[in-house]
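# Commentary on secondary and tertiary structure
Here are the chains, one letter per residue:
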Amino acid sequence: MRKGAGITLDRKKLQETGLTLLITVIALLAALLVGALVIWAFGSNPIEAYGALWQGAFGTGVAFTVTLGKAVPVMLTGLAVAVAFKCSVFNIGAEGQLLMGAMAAALVGAYVHLPMALHLPLTILASMAAGMAWSFFPAILKRRGNVSVVISTIMFNYIAQYLVQYLILGPFKGPGESPATATIDATAQLPDLLPKPYVLNLGFVLALAAVAGTYVLLNRTSRGYEMRAVGLNASAARVNGIDVNQNMFLALLISGALAGLAGGIEVTGSLNKIVNNFSANYGFNGIPVALMAHNNPFAIIFTALLIGAMRSGSAMMQSSAGISKNMIDVIQGLIIVFLCAENVIRYYVKNRAGGKQHA
Amino acid sequence: MNQPIIQLNNITKRFPGIVANDHISFEVERGSIHTLAGENGAGKSTLMNILYGLYQPDEGEILIDGRPVRFNSSKDSIACKIGMVHQHFMLIPKLTVAENIIVGQEPGSALKVDRRGAEERIRTLSETYGLRIDPARRVSELTVTEQQRVEILKILYREAEILIFDEPTAVLTPQEIDEFCRILLDLRANGKTILFISHKMAEVMKISDRITVIRLGRVVGTVEKDKTTVPELTRMMVGRDVSLERRDRRAFTGQSSLLELKNLRYSSAGVRKLNDISLTLRSGEILGVAGVDGNGQEELVQAVCGLIRPDGGQVLLKGRDITGESVRARKEAGLGLVPEDRHRDGLVMEFSVAQNLILGLHNHREFAKSGVWLDFPRIQENAGALREGFDIRCADVDAAAGTLSGGNQQKIIIAREASRDPDVFIAVQPTRGLDIGAMEFVQKTLLEQRDRGKGVLLFSLELDEILSLSDRIAVIFKGEIVDIVDAAGVKRQELGLMMLGSRAAAEEGREAHA
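This write-up is about the structure you can find in this document. (Residues numbered from 1 in each chain as written. Chains lettered and ligands numbered in written order. Predicted model: local features only at pLDDT ≥ 70, side-chain atom pairs only at ≥ 80, totals over all residues. Heavy atoms only, no water.)

### Some remarks on the nonpolar core
Of all hydrophobic cores here, the largest spans 141 residues; its most connected members are A:Met75, A:Leu76 and A:Ile274. Sequence-distant contacts of A:Leu76, that is, excluding residues within four places in its chain, are made with A:Ala207, A:Ala210, A:Leu258, A:Leu261, A:Ala262 and A:Ile265. (Core = buried A, V, L, I, M, F, W, Y, C linked by side-chain atoms within 4.5 Å. Buried < 20%, exposed > 50% of the residue type's maximum accessible area, 1.4 Å probe, protein only. Contact = heavy atoms within 4.5 Å.)

### A short note on a negative patch on the surface
Residues and elements named next belong to chain B. Taken together, the side chains of Glu-27, Glu-29, Glu-224 and Asp-226 define an acidic patch exposed on the protein surface. Looking at the secondary structure, you find Asp-226 in the loop between β10 (218–224) and α8 (230–238). A relative accessible area of 71% means that Asp-226 is categorised as exposed. (Patch = residues over 30% accessible without salt bridge, like charges linked within 9 Å, V, L, I, M, F, W, Y side chains within 5 Å. Areas by Shrake-Rupley, 256 points an atom, 1.4 Å probe, with all protein chains shown as cover. Salt bridge = Lys/Arg side-chain N within 4 Å of Asp/Glu carboxyl O. Lys, Arg positive; Asp, Glu negative; His and termini not counted. Charge placed at Lys NZ, Arg CZ, Asp CG, Glu CD. Helix = DSSP H or I, 4+ residues; strand = E, 2+ residues; numbered from the N terminus.)

### Side note on the sheet that holds strand β14 (residues 312–317) of chain B
Residue and element names in this part refer to chain B. Spatial ordering of the open sheet is given by β12-β11-β14-β15, a layout of four strands whose pairing is antiparallel. If you trace the sheet from one side to the other, it starts and ends with β12 (271–282) and β15 (320–321), each paired once. Pairing of strand β11 (residues 257–268) with β12, which is carried by eight bridges, proceeds in the antiparallel orientation. Note that in β12 the partner of Tyr-266 across the bridge is Leu-274. (Pairing = 2+ DSSP bridges.)

### A short note on the environment of A:Ile301
Assignment of secondary structure puts A:Ile301 in helix α12 (residues 297–321). Residues contacting A:Ile301, with those up to four places away along its chain left out, are A:Met75, A:Leu208 and A:Val211.

### Some remarks on the environment of B:Val223
All names here are of chain B. In this fold, Val-223 is placed in strand β10. For the pair Val-223 and Lys-411, spaced 188 residues apart in the sequence, the C-alpha separation amounts to 31 Å. Each residue touching Val-223, except ones within four places of it in the same chain, is listed here: Arg-210, Ile-211, Thr-228, Leu-233 and Met-236.

### A few points about the pairing of strand β4 (residues 59–64) of chain B
Residue and element names in this part refer to chain B. Both strand β1 (residues 6–15) and β4 contribute to a ladder of five bridges, which runs antiparallel. Bridging from a neighbouring strand, Gln-7 pairs with Leu-63 of β4. Where β4 and strand β5 (residues 67–69) come together, three bridges link them in antiparallel fashion. Residue Leu-63 lies in a different strand from β5, and its bridge partner there is Pro-68.

### Side note on the pairing of β14(B)
All names here are of chain B. Relative to β14, β11 runs antiparallel, the two sharing five bridges. Bridge assignment links Leu-259 to a residue of β14, and that residue is Leu-317. The hairpin formed by β14 and β15 contains two residues between the paired strands, and Lys-318 there has a positive phi angle of roughly 50°.

### Points about the packing of aromatic side chains
Taken as a whole and judged by the stated rule, the model has 14 aromatic pairs over all chains. When the ring of A:Phe58 is compared with that of A:Phe64, the centres are 5.9 Å apart and the planes differ by 40°; the resulting orientation is tilted. A:Phe58 gets classed as partly exposed once you look at its relative accessible area, which sits at 31%. Their ring planes at 10° and their centres at 5.6 Å tell us that A:Phe137 and A:Phe156 sit as a pair that is stacked. In this pair, A:Phe137 sits in helix α5 (residues 116–145) while A:Phe156 sits in helix α6 (residues 149–169), placing the two residues 19 residues apart along the sequence. On the basis of relative accessible area, A:Phe156 is assigned to the buried category, the value being 15%. Ring-pair connections join several aromatic residues into one group, and the members of that group are A:Trp134, A:Phe136, A:Phe137, A:Phe156 and A:Phe249. The residue whose ring lies beneath B:Arg121 is B:Tyr157, and the NZ or CZ to ring-centre distance is 4.1 Å. The ring centre of B:Phe441 lies 5.5 Å from the NZ or CZ of B:Lys411, which sits over that ring. (Phe/Tyr/Trp six-rings, centres within 6.5 Å; stacked < 30°, edge-to-face > 60°. Lys NZ or Arg CZ within 6 Å of the ring centre and 35° of its normal.)

Remember, this is a structural readout, not a statement about activity or role.
Below you can see the structure in the form of structure tokens.
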């Protein structure tokens, strides 16, 4: 028996995958190079800076676990963006969905009291439900009124941001001076995978499971087949009896649930409560994570790790090389710019390869 | 003067798995119309892309005016005064004709484009060759034929002496093809050399001076037009005798009605597209719908398939009212559709052949366990069987559908729809752009459906196709059915008149047969 259509790779496909990988690496290196120029222009030594970044991200076992932990939320928001994108839905609202997921987890974690076997799953599920609920509004607006998902999800980010701020300053302000919710019960906290001082919790495993689940959904189920068909050719999908709007609706809900899960894991895994501005743009960073991975769930593991590494290494870069943490945002922006120039890079790579053939 | 303008010597091009061009040699005389004929996938387009510099040959040489040349890109071939009109136009809709033509080599200084000068030159060219194009108009306002003429102007503007046309008539209606042939003859009269790629025998015989036939990447032969016949050319192309004629019409005797349309009405943006359409498709018949393009055929198909909601009227499938049902429900109830635009509506190009063969069937228990989990072994099995049964030529059923030739793409759709075993088979322009071999196959499939007691609703702009396949013919004009006639007795001319809305002609025709 032959292998399934989904996993058979012929040579051409492999070449194409290799080329895509090469382009991503080139874009990455170009971004680091330009970033180096910027660092140098500000009077610092780029080699030292990148050295510190590397040390901070991978230098020690503990640092590595921090990197893995930082990768978790962007892995999930990256997945969220990718799964919607596969169905031609541009979910820019992962940030808001993440915030709402986090809020739900913080509330269920702090105000519901149950044994861990029930409390923890309930908390996690609540975060997914809240993320999904937050994406439901843009989804229903799209389905009923054909409202642009890009616009509505952006708007819902703002609503979520201020709503969460209001909730942690007002009705659900926990004990103490700082604007934060009450600490969640120990029964709602994700267990650590490794003993202290390592900082890795079960959230990492959940994120990997979400990656596998998304892959299975997209590539192994008839629903995923429909969603991909809609993403690739909505017209042909429609003519062949696939409900395009229903699939887009569903894709956005799944996307919201994944983003909500990211928020839930942040709360149950590391923060244990919501503090003001706790999300370091995890939702928005899902976009480059998905972009770099070409929406491939497994590739997202690696692109999320890259972003995670930069996040965890930037502290070291700031303290030992004296370069602002914000430099990481600059480099991240550059990566996106160079990735968007994919076709330009592809052109040069192919032309060079072509030139060699004729030489 | 006897020097051929183009000489191809032993051109060979290999792609992984196939030899697209296998030692191809022929010569083209200056100032002639030379046709390159062959089935889809025979290697015509590859050869032309080599001549145009888009591909480089693995072996062999090209001589232009007796001098060997080497084209590394289309720039090189343009420098040798070769121009190409591609099957799919490469125009920017938002720009004017003149802007489209000068784009990339704008005349004038770096700061100011000499628009006026360019327009003047284009106007002169347009007049010289009878192209009738106003350079100031926007491309988005032009019809398909006009766009094609802009493409021709574009290469004339670049002073091409050799014009390559890659299946230029695939997108044209019969009347437009006549007009196009006239333009080619005008171009020849002005001394241009034309390389014309086609597999439509009528036009090949009409305008060619010489014809080179290739099959499976090899030259079968080059013949003078005056010394050959359509059957001979067809035999050269296909490798066997082919007949698209069919006169074994069966008399049907009141079989049950499969599809019934009652007073369908539909308007869009204030324009009435369907006006009180009533039709009955019976089992065991092919009902052809003839009409000039844009007279409501598209809307009729959409209304039957559930892609638009009619303003009034009913669609009955085997007696059941399906007017309000979804596309999926209709297809499950026994409707099969071969859509007009296979790229847009028929296939997901990035999906594999196997995946396309289950589009719309993907959640059936047959291919998805419990309707959820795709059953890859079954999907592959299905693909293997249909590939064989419908002669879908592809390297592998896991190859993307987009990598197949047009004829084989169409076979994927036909195979998929036939595998649903529908009671009503709706085929819209099913042979458009196909070569003879594929065309014959598609028509054979439709006839088989009919012979198995199914109903076929055939939409075609090709009158010949309607005449040779249909048992009855409905003529549609401005959203109305002018008349429904028995195909056995009707004459081409009568149909032609009815297609222009003449009910009188219809009446006369019927009286004559009564």
